[in-house]
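Report on the structure
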Amino acid sequence: MTIRFRLDPESPDERVLAVAGRVLRSGRLVAFPTETVYGLGANALSSEAVACIFAAKGRPADNPLIVHVASVEDVRQVARMDHRAEVLFRRFAPGPLTLVLPAREDVPENVRASLPTVAVRIPAHPVALGLLRYCGCPVAAPSANSSGRPSPTTAEAVAEDLGNSPAVLLDGGSTVLGVESTVVDAVSETLTLLRPGGLPLEELEAVAGKVLLPETAQLLAHSPGTRHRHYAPTLPLFLWEEEDQVWAEVAALARPGEIGYVGLREPPFECGVVRRFAHADAYAAGLFGALRDLEKCALRLLVADMPSSFRIGRALRDRLRRAAQRS
Ligand code: TXA
Ligand code: MG
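These numbers were taken from a predicted model, which means no experiment stands behind them.

**So, the sheet that holds strand β12 (residues 259–263)**
Reading across the sheet, the four strands line up as β11-β14-β12-β13 and stay open at both edges, with parallel pairing between neighbours. Looking at strand neighbours, the two that pair on one side only are β11 (237–240) and β13 (273–276), the edges of this open sheet. Neighbour to neighbour, the strand axes of the sheet diverge by 15 degrees on average, direction disregarded. As paired strands, β12 and β13 are joined by four bridges and run parallel to one another.

**Quick look at the packing of helix α3 (residues 83–92) against helix α7 (residues 201–208)**
Two numbers describe how α3 lies on α7: the axes approach to 11 Å, and their chain directions differ by 130 degrees. When the axes of α3 and α7 are compared, the pair comes out oblique. When you trace α3 past α7, the crossing you get is right-handed. Within the contact between the two elements, α3 uses L88, R91 and F92 and α7 uses E203, L204, V207 and A208. Residues that form the contact of α3 with α7 fall into these classes: five nonpolar, no polar and two charged.

**Quick look at the pattern of salt bridges**
Taken as a whole and assessed by the stated rule, the structure comprises 23 salt bridges. The shortest N-O distance in the salt bridge between R90 and E73 comes to 3.1 Å. Of this pair, R90 sits in helix α3 while E73 sits in the loop between β4 (66–68) and α3, placing them 17 residues apart in sequence. Judged by its relative accessible area of 47%, E73 falls in the partly exposed class. Note that K210 and E205 form a salt bridge whose closest N and O atoms lie 3.6 Å from each other. Bridged by salt links that share partners, the residues R149, E160, D161, R292, E295 and K296 form one connected network.

**Observations regarding the sheet that holds strand β1 (residues 3–6)**
One open sheet holds the ten strands; their spatial order is β1-β8-β2-β3-β7-β4-β6-β5-β9-β10, and the pairing between them is mixed. Where the open sheet ends on each side, the last strands, each with one partner, are β1 and β10 (192–195). Where strand β2 (residues 30–33) lies against strand β3 (residues 38–43), four bridges are found, and the strand directions are antiparallel. Within β3, the position partnered with V30 by the bridge is G41. Where helix α2 (residues 47–57) meets the sheet, its contacts fall on β3 and β7 (139–140), and the angle it forms with β3 comes to roughly 145 degrees.

Reading the values: rules and limits
Residues numbered from 1 in each chain as written. Chains lettered and ligands numbered in written order. Predicted model: local features only at pLDDT ≥ 70, side-chain atom pairs only at ≥ 80, totals over all residues. Heavy atoms only, no water. Pairing = 2+ DSSP bridges. Helix = DSSP H or I, 4+ residues; strand = E, 2+ residues; numbered from the N terminus. Axes fitted to C-alpha atoms, helices over the stretch in contact; angles between N-to-C directions. Parallel < 35°, antiparallel > 145°, perpendicular 65-115°, else oblique. Left-handed = near helix turned anticlockwise from the far one by under 90°. Contact = heavy atoms within 4.5 Å. Nonpolar A, V, L, I, M, F, W, Y, C, P; charged D, E, K, R; others polar. Salt bridge = Lys/Arg side-chain N within 4 Å of Asp/Glu carboxyl O. Buried < 20%, exposed > 50% of the residue type's maximum accessible area, 1.4 Å probe, protein only.

Set out below in structure tokens:
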């Protein structure tokens, strides 16, 4: 049985955090909210505990995990941090920035999928930070969804996907950003964007200078996880770019009442279920939840509005493209 605790996300009950910290440290799984999405955490220094994450999610072993720590100093528990990485963390942490750095040898192989590197981040959420402080060890935590499903932005979505796998589920309500952290390779000389996310590229480049945007082939070599299918809703998803052409396509496949829509712009005709957001940040915060809701409705297909790649729009476009992949 999973024990579920409801916590005030701003000032969580310390006694609950202390219990959850002990559970984590003892080798069991704890699901918890971060500012991006919910994570499924295990003691990152225990390969047995980490193996439970892969089993619970059905995650391929070649997709490495992000290790979460409580402070910039604690990054050194798992990685070698050079001056550039320290400057970036001092500027953006706690926050949605994950840096891939050279790993310390004692980081278990399954955390890193046998790579010589490890991904590290410091989450900006009182529940996540409190949990990290109480457990006193680095915490490996991928998003707390079944592999291939949209990331969970609520405790309900975690429970829906993972059932009783976590020993403890910390319910801190809906997450604020709604898309995962920005992942940056900080091993090579030039920084490379491996996954656009909650920290806009524009903000990163203002501090770090030019960041490389790799071609797909290079990306596969760098970030093994990107090869796998992601963020897939159970209904076919069509993308609405600048032109209205997609609407002719979907009108040939379904009646308006059988179409679900998410996005910013007003759709050209009335759809069965419509989730519209006032701006791109709200779209990011609501996208994964909307995909999960819409697939429970009696619909044939989904259409999603593609925003511009400005700021959070870059991450939204990436997630929507992956969600629409048919293979
Ligand atoms: O916001 C987030 O990042 C959330 C919360 C829970 O912190 N976590 C998350 O984890 O999204 P996950 O496992 O769903 O995504 C981790 C990404 C994957 O694309 C993975 O391939 C990449 O980080 N990654 C992890 N370690 C890596 C490494 N050593 N080298 C390259 N990419 C790595
Ligand atoms: Mg994930």
